[in-house]
Amino acid sequence: MDIFSAAVMLFLIMDPLGNLPIFASILRHIDPKKRRKVLIRELLFALVIMLMFLFAGEAILNFLNLRSESVSIAGGIILFLIAIKMIFPSPGGVTGLPAGEEPFIVPMAIPLMAGPSILAALILLAHTDSSRMLDWTIALVSAWGVSAFILMFYKGFTRILGEKGLTAVERLMGMVLVMISVQMFLDGVANYLNKSVS
């Protein structure tokens, strides 16, 4: 796999277009003056976490005596809880935080941007060919840069969709996230059982 193919794969897994309505839903509960700062901070947190998993993910999991399947199961549970709040919104919005309170790392950086799928893919890339870490780093930063660019302009999409349109997309994405989260959970459990049996 070359750098471009790896970057495209990572970009598709990050799914910034799919995350747009979720990010917009979270950010609209925050003071407009702070939104860009919060978004940039969470995007940078996500990049740091992804780089950490690229270079040390396998070592971290081994040190904590955790299997990679646990990343998928935990991420699936968190995404499921977020999806339920998207479909049945509460006063605190998707994050469950009081209106105006800033999210910190969860859920924007993890699991929306740096989700279990991307972390597992990074561990797999590093494990497959550890001699090409520079290539994988370039691919990751490129995919993150394009994703960050798209998410930074979420306001334009919000204006196009309008409040009712954004709410409708949010409900739809909630349904999609329920399915994705259940699939992540089942994949994690299936892989865990397969490795345990073998």
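Everything below is about the structure printed above this text.
Computed from a predicted structure; not experimentally measured.

Engineer: Would you mind showing me how to read the overall build of the protein chain here?
Structural biologist: The number of helices and strands found in the protein chain is eight helices and zero strands. If you list the helices and strands of the protein chain from N to C, you get α-α-α-α-α-α-α-α. Relative to the compact-globule value of 16 Å for 198 residues, the protein chain shows a C-alpha radius of gyration of 17 Å, a close match. Considered along the principal axes of its C-alpha atoms, the protein chain spans approximately 50 × 35 × 25 Å. Across the 198 residues in the protein chain, those meeting the buried criterion constitute 41%. Across the protein chain, contacts joining residues at least 24 apart in sequence account for 88% of those joining residues at least 6 apart. Counting 15 positive and 13 negative side-chain charges, the protein chain places the centres of these two groups 11 Å from one another.

Engineer: When you look at the layout of surface pockets in this model, what are you seeing that I'm missing?
Structural biologist: Summary: where empty space remains is shown by rolling a probe the size of a single water molecule over the atoms. Within this model, the largest pocket holds a volume of roughly 430 Å³. In terms of lining, the largest pocket is formed by 21 residues, of which the most central are Ser 68, Glu 69, Ala 120, Ile 123 and Lys 195. Elements with a contribution of two residues or more to the lining of the largest pocket: helix H3 (35-63), helix H4 (68-87), helix H6 (116-128) and helix H8 (154-197). The greatest single-element share of the lining of the largest pocket, amounting to seven residues, is contributed by H8. Split by residue class, the lining of the largest pocket holds eight nonpolar, eight polar and five charged.

Engineer: Hey, could you run me through H6 in this one?
Structural biologist: Two residues of an α-helix separated by three or four positions point the same way, owing to the 3.6 residues in each turn. The end-to-end C-alpha separation of H6 is 18 Å, in line with the 18 Å expected for 13 residues at 1.5 Å each. Of all the positions in H6, only Pro 116, Ile 118, Leu 119, Ala 121, Leu 122, Ile 123, Leu 125 and Ala 126 are classed as buried.

Engineer: Sorry, what's going on with the pattern of salt bridges here?
Structural biologist: Opposite charge on two side chains makes pairing possible when the charged atoms of those side chains draw close. By the definition in use, this model includes two salt bridges. In this structure, Arg 41 engages Glu 42 in a salt bridge whose closest nitrogen and oxygen atoms are separated by 3.1 Å. Asp 135 serves as the salt-bridge partner of Arg 132, at 3.0 Å between the closest nitrogen and oxygen.

Engineer: Any chance you could explain unusual backbone geometry here in plain terms?
Structural biologist: Excluding glycine, residues mostly have negative phi values, and the peptide bonds linking residues are mostly trans. Omega for the bond connecting Val 106 with Pro 107 falls within 30 degrees of zero, at 5°, which places this linkage in the cis form. In this structure, Pro 111 follows Ile 110 across a cis peptide bond, with omega equal to 5°. Among the structural elements, Pro 111 can be located in helix H5 (residues 108-113). Positive phi, close to 50°, is recorded for Asp 15, a residue that is not glycine. Classification of Asp 15 as partly exposed rests on a relative accessible area of 36%.

Engineer: Please clarify how the environment of Lys 164 should be interpreted in this entry.
Structural biologist: Looking at the secondary structure, you find Lys 164 in helix H8. A residue is classified by how much of its surface remains accessible, and Lys 164, at 75% relative accessible area, is exposed. For the pair Lys 164 and Pro 103, spaced 61 residues apart in sequence, the C-alpha separation works out to 24 Å.

Parameters and conventions
- Throughout this description, residue numbers start from 1 for each chain and increase along the sequence as written.
- The predicted origin of the model limits local features to residues at a pLDDT of at least 70 and limits the giving and counting of side-chain atom pairs to 80 or more, whereas totals for whole chains, interfaces and linings rest on all residues.
- With hydrogens and water stripped out, all remaining heavy atoms of the structure feed into the side-chain values.
- A helix here means a DSSP run of H or I that spans at least four residues, while a strand means a run of E at least two residues long, and both kinds are numbered starting from the N terminus.
- We compute the radius of gyration from the C-alpha atoms alone; for a globule the expected value is 2.2 Å times N to the 0.38, where N is the number of residues.
- Burial classification: accessible surface area is computed with a 1.4 Å probe over protein chains only, and a residue below 20% of its type maximum counts as buried, one above 50% as exposed, and the rest as partly exposed.
- Note on contacts: a residue pair is in contact if any heavy atoms of the two residues lie within 4.5 Å.
- Counted charges follow a simple rule, with Lys and Arg positive, Asp and Glu negative, and His plus the chain ends left uncounted.
- Here the site of a charge means atom NZ of a Lys, CZ of an Arg, CG of an Asp or CD of a Glu.
- Only protein atoms enter the 1 Å grid, on which a cavity is a set of points fitting a 1.4 Å probe that cannot get out and a pocket is an open set with protein on both sides within 12 Å along at least 5 of 7 lines, lining residues being those with an atom within 4 Å of a point.
- Grid points are joined across faces, edges and corners, and a volume is the space filled by probe spheres set on the points.
- Here the term charged refers only to Asp, Glu, Lys and Arg, the term nonpolar to Ala, Val, Leu, Ile, Met, Phe, Trp, Tyr, Cys and Pro, and the term polar to all other amino acids, Gly among them.
- Helix span, expected: 1.5 Å multiplied by one less than the number of residues in the helix.
- One speaks of a salt bridge when a side-chain nitrogen belonging to Lys or Arg is within 4 Å of a carboxyl oxygen belonging to Asp or Glu.

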